[in-house]
Structures are given as structure tokens and as C-alpha cells.
Amino acid sequence: SRDRKISGPFLFILKERWSIMKAKATEIANAGNIQEALEAAHLNFVPEKHQLMTMSGNEIPDHCGILRNDTKQVLGVMGKDYSPFSPVQGLAIADTLREKFNLKYSKLIGVDGGRRIMVELKGGFRQIGKDQIQEQLHILDSWDGSTKFLIRYGFYRLVCKNGLTIGKIENQISIRHTKNAEARLGEALRIWAKAEIVFPALAAKMEALTQKILDTAMVDKFLNDLSGMEEKESTRKKNQKQDIVHLFQYGKGNEGKTAWDLYNAATEYYDHEQNRSDPEKQLASALFGTGADQKSKAFELASAL
């Protein structure tokens, strides 16, 4: 409804904000700190607040436009109290976490020129059933209001390169961009230190999935709950279910037997099959959007079977 009432530059910025997400990944294994990582990805910018005006020259008092200082790209439209941290400020905690937990920088991913940014760090290796997995930490922030500052703790299944990022289930911290948010980053670090006690309980849940043998009814329940029941199921959802069943039986590292196989079929689908024709959109969904949410949901559903 706001689109129909507001014209001019404000309308233009809103349309920019709702464009399809495009993601670009940069390898940052050689970065010495977060600033070097952001520079390598061309994301070391300063966000600027700009007054919004209508075509008739009237100021819009309750909102501001957020632009990059270097490219002048529109990042988003935010409320007047929004405090735009630079990526270096917002993601500085990555350097602290890397040192504290003996992690290594892996990737830095920017969506739509910096509207969302995610830093990926990787840790040690663990054994779950027959699979080897690697710990990973994701630190996310946005400059378009689409997500709060967020830390996710998860795992990377090496056999099929699936990102089992399940921090939404086990441990998550989120912070809004407000004037006191920088001080709250210290609190986030204190809370996140407790993540070290997360793995034993999480490993037990994952190990249980490797021991849980499924029948057809259990697989059907998982698929229906994952995709959502509809009175008349769409062709898209039918194809999605068929793809996940195929991956359950024949996906990398899967044997079509256990809840672990089924869960990994879902993660493989959202990481590698959905949006296959558009790799940038696929990456954005798997890390920030529907794919990330569905992978978290899949872990809950598989554990409940």
C-alpha cells in the first residue's frame, strides 16, 4: 500500500530493496583480519544516511535511505533511528571469535552489493556415524533491515559439501542496529562463549539420526511437514518431494535408510538443487533465505520422527 501513496525517489528505493537476492562469494582463507577480508570482497564501505524526499520536494521525516559511500548504491530504507555500522564495525567480532575458538576464515559472502554480508569461519573435524563433518560459524549482518546481526553455529558435511547450519535450533544471537548495539556486541561474545558446550548435545542428536531407520510413512510425514500441506498440491511441490526422495536414496553419502540420510537429502536439495539455473540466487537462499530456514526446519523434523 505504501507503493501507491509515495512517489519519486522514495518509491525508487523501495523497489531497489525488494530485488531478487544475488550473492557473491569470496575466498578469504588468506585474510589476516576482517578488514582484509572485506577489502578482498570489495565490501569495505561506510553506509551513509540520506534524507528522503517526495517528487514535490517534501521531506519524509520517519525514514532515511542507506547508501554505500563508495558506489552510492542503495542498500535499503530504514527508520530514522537506525544507526548504520560499517561492515568493519559490525563484523569485528569475527576476529575475536576466530582467535578464541581457533577457527580459520573461509568465505565472505555479499548479497546485492552488500545489503547482507556473511562471514564464514571453519573449525575442527568431527565424526558422526560414517560421515566426517567440520564445525562452521556464520556471522551475518544486513544494511537493508532484512536481518539482525546474527551468529549461527553449524556443520559442513564433507562428503556432499552440504552446509548443516543449524544454529537456529541450538544457539543464536541477534542484535539490532541501534545506538547502543556496539556495546551489546560484547554481550554477544560473552553469550557465544557458551557455544563450546553446545556440541556434545548436538552431536548426540545427529548420532541418533544415523541410527533411526525409516519406513515409507515416516518419509512421507517428513516431506509433508517440510513442504507444508495444501488442499491441492502444486506441481512444484510434488517435484520438490520427488527430488528429495531421490537424494534420500541416491544422494552423495546417502543410502535411503536413516533419518540422517533423509535430513541430508533435504540439505543437499536446498544447497545444490533448488535454483540450480541461478547459482547466485541459489547461494543467497541457502545462506540467508528460504533454503537456510528449510534446512533448520528439516533438522527439527528429522529429529522428531
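The rules we used
Residues numbered from 1 in each chain as written. Predicted model: local features only at pLDDT ≥ 70, side-chain atom pairs only at ≥ 80, totals over all residues. Heavy atoms only, no water. Pairing = 2+ DSSP bridges. Helix = DSSP H or I, 4+ residues; strand = E, 2+ residues; numbered from the N terminus. Expected span 1.5 Å × (residues − 1). Buried < 20%, exposed > 50% of the residue type's maximum accessible area, 1.4 Å probe, protein only. Arc of directions from axis to C-beta. Contact = heavy atoms within 4.5 Å.

> Explain the pairing of strand β6 (residues 116-128) to me, and be specific about the residues and the numbers.
Examined bridge by bridge, strand β5 (residues 104-111) and β6 share 7 bridges and lie antiparallel to one another. Paired with Leu-108 across the two strands is Val-119, which belongs to β6. Hairpin connection from β5 to β6: 4 residues lie between these consecutive antiparallel strands, with Asp-112 at a positive phi of about 50°. Summarising the sheet, β6 and strand β7 (residues 131-142) pair through 11 bridges and their orientation is antiparallel. What sits directly across from Leu-121, in β7, is Leu-137.

> Explain helix α10 (residues 235-250) to me, using residue names and the numbers behind them.
If you check α10, its first and last C-alpha atoms are 22 Å apart, about what 16 residues at 1.5 Å a residue would give, namely 22 Å. Buried within α10 we find Lys-237, Gln-240, Lys-241, Ile-244, Leu-247 and Phe-248. Take α10 and look down its axis: the buried residues cluster within an arc of 125°, on one side only. Opposite its buried face, α10 presents the exposed residues Thr-235, Gln-242 and Tyr-250, each directed more than 90 degrees away. Those residues of α10 that are buried lie in contact with α9 (216-227) and α11 (259-273).

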